[in-house]
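Listed below, chain by chain, are the residues.
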Amino acid sequence: MPTDNQFDSDSPWKDILEEYFPQFMQFFTPKAYQEIDWNQGYEFLDKEFQKIFPESTTGRRYVDKLVKVYTTDGTQAYVIIHIEVQGDKVVNFEERMYIYNYRLFDYYRTRIFSLAVLTDNNHNWRPNKFEQEIWGCELSLKFPIVKLLDYANKWEELEQSTNPFAIVVMAHLKVLETAKDEQKRYEWKLTLAKMLYEKGYSEQDVCNLFKFIDWLLMLPKGLNQQFRQELAKHEEEKNMPYVTSVERLAKEEGELLEKQKVLRKQLSRKFGLTDQENDLITNQQDPELLDKALDEFVFAENKEEVLKHIR
């Protein structure tokens, strides 16, 4: 299970940003949204990002998105938007944002818009500027930040908004608030899930946003079963079997069990497993983390390199 304030690059943030990029810009940076020429479309540059920043594919990874857009200011040049979602306080974050910005400029030779989305629980950590000076030689980068904690006092606005990122923000706020209270987390997860059906979203939107909520507000097995039952009852009342339909749940359950089975089998053959480690794999309900463990297994020199992803 991912910790409450850490999100690796394979988290659903990647999916939600790709699915609702215009809504993301509209919600968090309305001025930029108004000045982007959406008629010309936009392009995600994941492959280019890996070329420019090969180190991002190894070690501790972050949620990064690189997007090419055009503006309405009459210029023909495109703009590169770099979005970084940071889940915990780190040293030299400002320096990293500066390095990413100048390397992107060096590669594309166009305007770069750097934006940091801070999902941590530290109210005082607000890195937004990198500066350096020596003997009259100065350089600096000031970049906008979005601090999700700042939305805590805007709850009514979030409830009324139909922008998908209102749900994303509410889910993040509640995962921080309920870090030590599983029952309260269950109640809020159910509330947010039910909210999806009240906002007039399409079936696909409900499923996309539910995936995000489900990943973020994880519950122990017993409460998760209770949650699914309550949500199924709500769907039946609304006549909207979007998330908990028998076919969808059966498919998800089958895929989850298969991943658990393969991981147990491979690790047992190569390294051997204790009963406790078997239970650890069996109790892991997040398919994303199981996938990560299976990927790690290929080159792992010991089982701890694999199991660390699902502890």
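See the structure shown above.
The structure presented is a predicted model; accordingly, all values stated were derived computationally and were not measured.

K.L.:
Run through the nonpolar core, naming residues and quoting values.
P.N.:
Formed by 59 residues in total, the largest nonpolar core has its most connected members in W13, F24, F28, L158, F165 and L196. Examining the composition of this core, we find that 10 residues originate from one element, helix α7 (residues 164-177), more than from any other. Those residues in contact with F28 that sit more than four places away from it in its chain are V146, L148, Y151, F165 and V169.

K.L.:
Quick rundown of helix α10 (residues 221-238)? Include the residues and the values.
P.N.:
Across its 18 residues, α10 extends 26 Å between first and last C-alpha, which sits within 8% of the 26 Å expected from 1.5 Å per residue. Within α10, the full set of buried residues consists of L223, N224, F227, R228, L231, H234 and E235. Burial along α10 is one-sided: seen end-on, the buried residues are contained in an arc of 140°. In α10, the exposed positions that point more than 90 degrees away from the buried face belong to G222, Q229, E236 and E237. Remark: N239 follows α10 within two positions and exhibits a positive phi of approximately 55°.

K.L.:
Describe the pairing of strand β6 (residues 137-142), with residues and values.
P.N.:
The pairing of strand β5 (residues 129-134) with β6 spans 6 bridges and is antiparallel. The partner of I134 across the bridge, within β6, is C137. Once β5 ends, the chain turns through 2 residues before running back antiparallel as β6, passing W135 with a positive phi of about 55°.

K.L.:
Hey, could you go over the packing of α7 against helix α9 (residues 203-216) for me, with residue numbers and the actual values?
P.N.:
Axes are the key here: two packed helices are described by the angle between their axes and the distance separating the axes. Running from amino to carboxyl end, α7 crosses α9 at an angle of 10°, the nearest separation of the two axes being 10 Å. What the angle tells us is that α7 and α9 run roughly parallel. In this structure, α7 contributes P164, I167, V168, A171, H172 and V175 to the contact, and α9 contributes L209, F212, I213 and L216. Grouping the constituent residues of the contact of α7 with α9 by class yields 9 nonpolar, 1 polar and no charged.

K.L.:
An account of the packing of helix α8 (residues 182-198) against α10 is requested, with residue identities and associated values reported.
P.N.:
Axis separation between α8 and α10 bottoms out at 10 Å; the angle between their running directions is 25°. In terms of orientation, α8 lies roughly parallel with respect to α10. Regarding α8 and α10, the two cross each other, and that crossing is right-handed. In this structure, α8 contributes E182, Q183, Y186, K189, L190, A193, K194, Y197 and E198 to the contact, and α10 contributes L223, N224, Q226, F227, E230, L231, H234, E235 and K238.

K.L.:
An account of the sheet that holds strand β3 (residues 79-86) is needed here, citing residue identities and associated values.
P.N.:
Strands sit in the order β1-β2-β3-β4-β7 across an open sheet of 5 strands; the sheet is mixed. Only two strands of the sheet have a single partner each, and these edge strands are β1 (43-44) and β7 (145-147). Note that strand β4 (residues 111-118) and β7 share 3 bridges and pair parallel. Residue pairing across strands places A116 opposite I145, the latter belonging to β7. In this fold helix α2 (residues 21-28) packs onto β1, β2 (63-69), β3, β4 and β7, with an angle of close to 75° to the strand it touches most, β3.

What counts, and where the lines are drawn
Sequence positions are assigned chain by chain, starting from 1 and proceeding in written order. Restriction of local features to residues with pLDDT of at least 70 applies here, the model being predicted, together with a cutoff of 80 or more for giving and counting side-chain atom pairs; totals for whole chains, interfaces and linings are based on all residues. Side-chain measures here rest on the full set of heavy atoms in the structure, leaving out hydrogens and waters. Only buried residues count toward a nonpolar core. Its members are Ala, Val, Leu, Ile, Met, Phe, Trp, Tyr and Cys residues joined through side-chain atoms within 4.5 Å. Exposure is judged per residue with a 1.4 Å probe applied to protein chains only, and the accessible area is read against the type maximum: over 50% gives exposed, under 20% gives buried, and values in between give partly exposed. Where helices and strands are cited, they refer to DSSP runs of H or I of at least four residues and of E of at least two residues respectively, numbered from the N terminus. In this analysis, two residues are considered to be in contact whenever any of their non-hydrogen atoms come within 4.5 Å of each other. Expected helix span is taken as 1.5 Å per residue step, with the number of steps being one fewer than the number of residues. The reported arc concerns the directions from the helix axis to the C-beta atoms and nothing else. The pairing criterion is simple: DSSP has to find at least two bridges between the two strands. Every axis in this analysis is a line fitted to C-alpha atoms, fitted for helices over the stretch in contact. Angles between the N-to-C directions lie between 0 and 180 degrees. Under this scheme an angle from 65 to 115 degrees is roughly perpendicular, one under 35 degrees roughly parallel, and one over 145 degrees roughly antiparallel; angles in between are oblique. Residue polarity follows a fixed list, in which Ala, Val, Leu, Ile, Met, Phe, Trp, Tyr, Cys and Pro are nonpolar, Asp, Glu, Lys and Arg are charged, and the others, Gly among them, are polar. Two helices that cross are described as forming a left-handed crossing if the nearer one is turned anticlockwise from the farther one by less than a right angle, and a right-handed crossing if clockwise.

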